[in-house]
Amino acid sequence: MGLELYLDLLSQPCRSIYIFARSNNIPFEFKQVELFKGPSNSEGAGKVSLLKKVPALKDGDFTLAECTAILLYLSRKYNTPDHWYPSDTQKRAQVDEYLSWHHANIRANAPKTMWIKVLIPLFTGQPLPSEKLQEVMEGLSASLKQFEERFLKDKAFIIGSEISLADLVAVVELMQPVGVGCDIFEDRPRLMEWRRRVEDAVGKELFFQAHEMIFNIKELSNIQIHPQLKEHLAPVLMKMLK
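These remarks concern the structure in this document. (Residues numbered from 1 in each chain as written. Predicted model: local features only at pLDDT ≥ 70, side-chain atom pairs only at ≥ 80, totals over all residues. Heavy atoms only, no water.)

## Some points on the side chain of Thr 113
Line of reasoning, step 1. Positionally, Thr 113 belongs in helix 5 (residues 106-124).
Line of reasoning, step 2. At 2.7 Å, the side chain of Thr 113 forms a polar contact with the backbone oxygen of Ala 110.
Line of reasoning, step 3. Not counting residues up to four positions away in its chain, the partners in contact with Thr 113 are Leu 133, Val 136, Met 137, Gln 176, Pro 177 and Val 180. (Helix = DSSP H or I, 4+ residues; strand = E, 2+ residues; numbered from the N terminus. Polar contact = N/O pair within 3.5 Å; in protein donor to acceptor, adjacent residues only side chain to side chain. Contact = heavy atoms within 4.5 Å.)

Structure follows, in structure tokens:
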């Protein structure tokens, strides 16, 4: 049995794994999961991941969950170019540093733009007040300022002249706001140039293919949300944003 990747490309972590695997010519079977369509669409991932969520990896009898763990497993098993996760101790530590910082900063704010503008209204049938979006955007702006000043500085990529896993994880997260009309790259020329370099490094065609669902996020309003999923998630989402 070959490598299987269970991914929903609406998910930022799933997109980072998809782009990484494709750009490194890693052979895998793409098991597309559509979580918002209910349990029947995620059964395969549930059997692979004890956490019953995506991303999930199955390699023969071996299974793995969590984005960073999967990216590191793929980089090691397939001996991908060193720049992704450098063998140099200090450069590797810089990648680790960013990945640790990312979760409490960029990831804590960027995805909420999509929840506020698209997903919560879809699940609850009610729009959220504009103050909620403004609050999230202020938090995201503070994180972006730190990102540029602390990590990017005057470098081409986060750890220097070549792309790493840190850049990939960062950029897919920052595309969530873009998909719902919050162009965080506007008026941030250094950030925009970095994004373009990341796109070039992985291939523009692949980058935009992976983000096709994000760029067409409004089409989500046409899908039928599974009633069980809607009942479960609506109160959770509202509580998350209080």
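## Brief notes about the side chain of Lys 58
Line of reasoning, step 1. In this structure, Lys 58 sits in strand 3 (residues 56-59).
Line of reasoning, step 2. A polar side-chain atom of Lys 58 sits 2.8 Å from the main-chain carbonyl oxygen of Gly 60.

## Thoughts on the packing of aromatic side chains
Line of reasoning, step 1. Applying the stated criterion to the full structure yields eleven aromatic pairs.
Line of reasoning, step 2. Between the aromatic rings of Tyr 98 and Phe 151, the centroid separation amounts to 5.1 Å while the plane-to-plane angle is 90 degrees, which identifies the pairing as edge-to-face. In this pair, Tyr 98 sits in helix 4 (residues 89-104) while Phe 151 sits in helix 6 (residues 130-152), placing the two residues 53 residues apart along the sequence. Summarising the burial analysis for this pair, Tyr 98 and Phe 151 share the class buried.
Line of reasoning, step 3. By way of ring pairs, the aromatic residues Tyr 98, Trp 101, Phe 147, Phe 151 and Trp 194 are connected into one cluster.
Line of reasoning, step 4. Here Arg 195 stacks its cationic end above the ring of Phe 185, 4.9 Å away from the centre of that ring. (Phe/Tyr/Trp six-rings, centres within 6.5 Å; stacked < 30°, edge-to-face > 60°. Buried < 20%, exposed > 50% of the residue type's maximum accessible area, 1.4 Å probe, protein only. Lys NZ or Arg CZ within 6 Å of the ring centre and 35° of its normal.)

## Describing unusual backbone geometry
Line of reasoning, step 1. Across the junction of Val 54 and Pro 55, the peptide omega takes the value 0 degrees, indicating a cis bond.
Line of reasoning, step 2. Structurally, Pro 55 can be placed in the loop between helix 2 (43-48) and strand 3.
Line of reasoning, step 3. Within the chain, Glu 66 stands out as a residue other than glycine whose phi angle is a positive 80 degrees.
Line of reasoning, step 4. Assignment of secondary structure puts Glu 66 in the loop between strand 4 (62-65) and helix 3 (67-77).

## Things to note about the pairing of strand 1 (residues 3-7)
In summary, the side chains of a regular strand alternate between the two faces of the sheet.
Line of reasoning, step 1. Counted residue by residue, strand 1 has five buried out of five residues, so it is predominantly covered.
Line of reasoning, step 2. Going residue by residue along strand 1, you find Leu 3, Leu 5 and Leu 7 tucked away on one face and Glu 4 and Tyr 6 tucked away on the opposite face as well.
Line of reasoning, step 3. Bridge analysis of strand 1 against strand 3 gives four bridges, and the strand direction is antiparallel. Its bridge partner lying in strand 3, Leu 5 is registered against Leu 57.
Line of reasoning, step 4. Relative to strand 2 (residues 29-32), strand 1 is paired through four bridges, and the arrangement is parallel. (Pairing = 2+ DSSP bridges.)

## Examining helix 4
Line of reasoning, step 1. For helix 4, with 16 residues, the first-to-last C-alpha span of 24 Å sits near the 22 Å given by 1.5 Å per residue.
Line of reasoning, step 2. Listed as buried for helix 4 are Val 95, Tyr 98, Leu 99, Trp 101 and His 102.
Line of reasoning, step 3. Elements in contact with the buried residues of helix 4: helix 3, helix 5, helix 6 and helix 7 (165-179).
Line of reasoning, step 4. Structurally, the start of helix 4 carries an N-cap: the backbone nitrogen of Gln 90 is 3.1 Å from a side-chain oxygen of Asp 88. (Expected span 1.5 Å × (residues − 1).)

## Looking at the sheet that holds strand 2
Line of reasoning, step 1. Read from one edge to the other, the open sheet built from four strands follows the order 2-1-3-4, with strand pairing classed as mixed. Edge strands, defined here as strands with exactly one partner in the open sheet, are strand 2 and strand 4. When the angles between neighbouring strand axes are averaged without regard to direction, this sheet yields 20 degrees.
Line of reasoning, step 2. Summarising the sheet, strand 3 and strand 4 pair through four bridges and their orientation is antiparallel. What sits directly across from Ala 56, in strand 4, is Ala 65. (Axes fitted to C-alpha atoms, helices over the stretch in contact; angles between N-to-C directions.)

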